[in-house]
Amino acid sequence: MKRAVAAAMLCLLLSGCGRGGDSAASGGLLGRAAGLDESETLLVIDGREIPAWQYLYWLAADCQQLEARCEAAETPLDWAAPLPDGGTYGELVKADALADTALYATVQTWAETYGCTLTAEERAALPERTYPFLTAEQGRVLTETGQAYVKLYALYQKPDSPLAPAEGELELFQRESGLLPAERILIPSNGDRTAAQQQAAALFARLNAAADPSAEFDALLKETGGGVLADEDWTDDLRDAASVLEPGQISGLLETEEGVSILRRLPADSAAVKEAYFDQQLQDAAGHSEIQWTDACAALNSETFWNAVKRGESID
């Protein structure tokens, strides 16, 4: 399951954003494309019976996202192609859809457990939203789940609530998850590590000799084209070095495969850390769900299903 998928999925639930198509006209299409009754139980997650339309909704969404990514990369989509980590694209989207469905079910279960289900008044006040391929009644279930998530998150933010993080948990999560914003001056080795080390040492000497090291760091960022570290730029060594820095503090010289780096720790976005931690708790709970597959779910073919959805056809 993709990182931050909880936030992305629940953004979909809250906004009712569509992937095309008229919900009233296409209601029941997912079931027809899969050859299933949309109301029949397709999965059981932690004892919660999941009707077919819920899993098929996420399966259609993940099929479309995969297809869009391949089109953007100008790469043909071969559903049966083996993946480096094992499995095929067809199996990957089924696994992603299962993870999305489990996450959705976890929100519902938590809402019941922690008293965050919607009241009759809250249900009556819900805005009308449409979702592709779903009936109005099905879409309303998604909207209600999105609002239940809002209530859960509000409870999580209350000190001493049953969902509130214990003392030190957010700080530990921030370190372990790599949510450590930092800027980097990078002197790439470009095949000559000795030269990179010498250049880095000269820059570091400038920092040490400066009356205002922070201002000098800003100047060096401009000179070297450095900036904030992106997620993909972090290594274990860089993360370990950043974790012991205070905001505004500058590291020593750090050697990696790319070259030599100098980091400056930035203040953490506490709101982003809190949200990421809550979503991680949901993902962990969903990932440890007890899931029972029906034969009909196991037999679904992603490629056949998605092609039928796009054509608006039924599987015979």
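In case you missed it, the structure is sitting above this.
**Student:** Got a minute to help me understand the packing of helix α4 (residues 52-72) against helix α14 (residues 302-311) in this structure?
**Tutor:** At their nearest, the axes of α4 and α14 sit 10 Å apart, and the two run at 90° to each other. By the angle between their axes, α4 is roughly perpendicular relative to α14. Residues Leu 56, Leu 59, Ala 60, Cys 63, Gln 64 and Glu 67 of α4 form the contact with α14, whose own contacting residues are Ser 302, Phe 305, Trp 306 and Lys 310. Here the contact of α4 with α14 is composed, by residue class, of 6 nonpolar, 2 polar and 2 charged.

**Student:** What should I look at first to understand empty space enclosed by the protein in this one?
**Tutor:** One simple way to see leftover space: roll a probe sized like a water molecule over the atoms. With the rule as written, the count across this model stands at 1 cavity of 30 Å³ or more. Here the largest cavity is characterised by a volume of approximately 40 Å³. Lining the largest cavity, in full, are Leu 126, Pro 127, Glu 128, Arg 129, Ala 136, Gly 139, Arg 140 and Thr 143. Grouping the amino acids of the lining of the largest cavity by side-chain chemistry returns 3 nonpolar, 2 polar and 3 charged.

**Student:** What exactly am I supposed to notice about the packing of aromatic side chains here?
**Tutor:** How two aromatic rings sit relative to each other is given by the distance of their centres and the angle of their planes. This structure, assessed with the given rule, holds 10 aromatic pairs. Taking 5.6 Å as the distance between ring centres and 50° as the angle between the ring planes, the aromatic pair formed by Tyr 149 and Phe 278 counts as tilted. Residue Tyr 149 is found in helix α7 (residues 136-156), and its partner Phe 278 is found in helix α12 (residues 270-287); the two are separated by 129 residues along the sequence. Taken as a pair, Tyr 149 and Phe 278 share a single burial class, namely buried. Look at Tyr 153 and Tyr 156: their rings are 5.4 Å apart centre to centre, the planes differ by 35°, and that puts the pair in the tilted class. Of the two residues, Tyr 153 and Tyr 156 are both situated in helix α7; the distance of 3 residues between them amounts to about one turn of the helix. Tyr 156 gets classed as buried once you look at its relative accessible area, which sits at 1%. Ring-pair connections join several aromatic residues into one group, and the members of that group are Trp 110, Tyr 114, Tyr 149, Tyr 153, Tyr 156 and Phe 278.

**Student:** Looking at this structure, how should I read unusual backbone geometry?
**Tutor:** One non-glycine residue, Asp 46, adopts positive backbone phi at about 50°. Looking at where Asp 46 falls in the secondary structure, it is placed in the loop between β1 (41-45) and β2 (48-51). We note that Glu 74 has phi near 55°; this positive angle belongs to a residue other than glycine. With respect to the element layout, Glu 74 can be found in the loop between α4 and α5 (89-113). Overall, the relative accessible area of 74% leaves Glu 74 in the exposed class.

Quick notes on the rules
Residues numbered from 1 in each chain as written. Predicted model: local features only at pLDDT ≥ 70, side-chain atom pairs only at ≥ 80, totals over all residues. Heavy atoms only, no water. Axes fitted to C-alpha atoms, helices over the stretch in contact; angles between N-to-C directions. Helix = DSSP H or I, 4+ residues; strand = E, 2+ residues; numbered from the N terminus. Parallel < 35°, antiparallel > 145°, perpendicular 65-115°, else oblique. Contact = heavy atoms within 4.5 Å. Nonpolar A, V, L, I, M, F, W, Y, C, P; charged D, E, K, R; others polar. 1 Å grid on protein atoms, 1.4 Å probe; cavity = no way out; pocket = protein on both sides within 12 Å on 5 of 7 lines; lining within 4 Å. Points joined across faces, edges and corners; volume = space filled by probe spheres on them. Phe/Tyr/Trp six-rings, centres within 6.5 Å; stacked < 30°, edge-to-face > 60°. Buried < 20%, exposed > 50% of the residue type's maximum accessible area, 1.4 Å probe, protein only.

Fair warning: the whole summary comes from geometry, so function is off the table for now.
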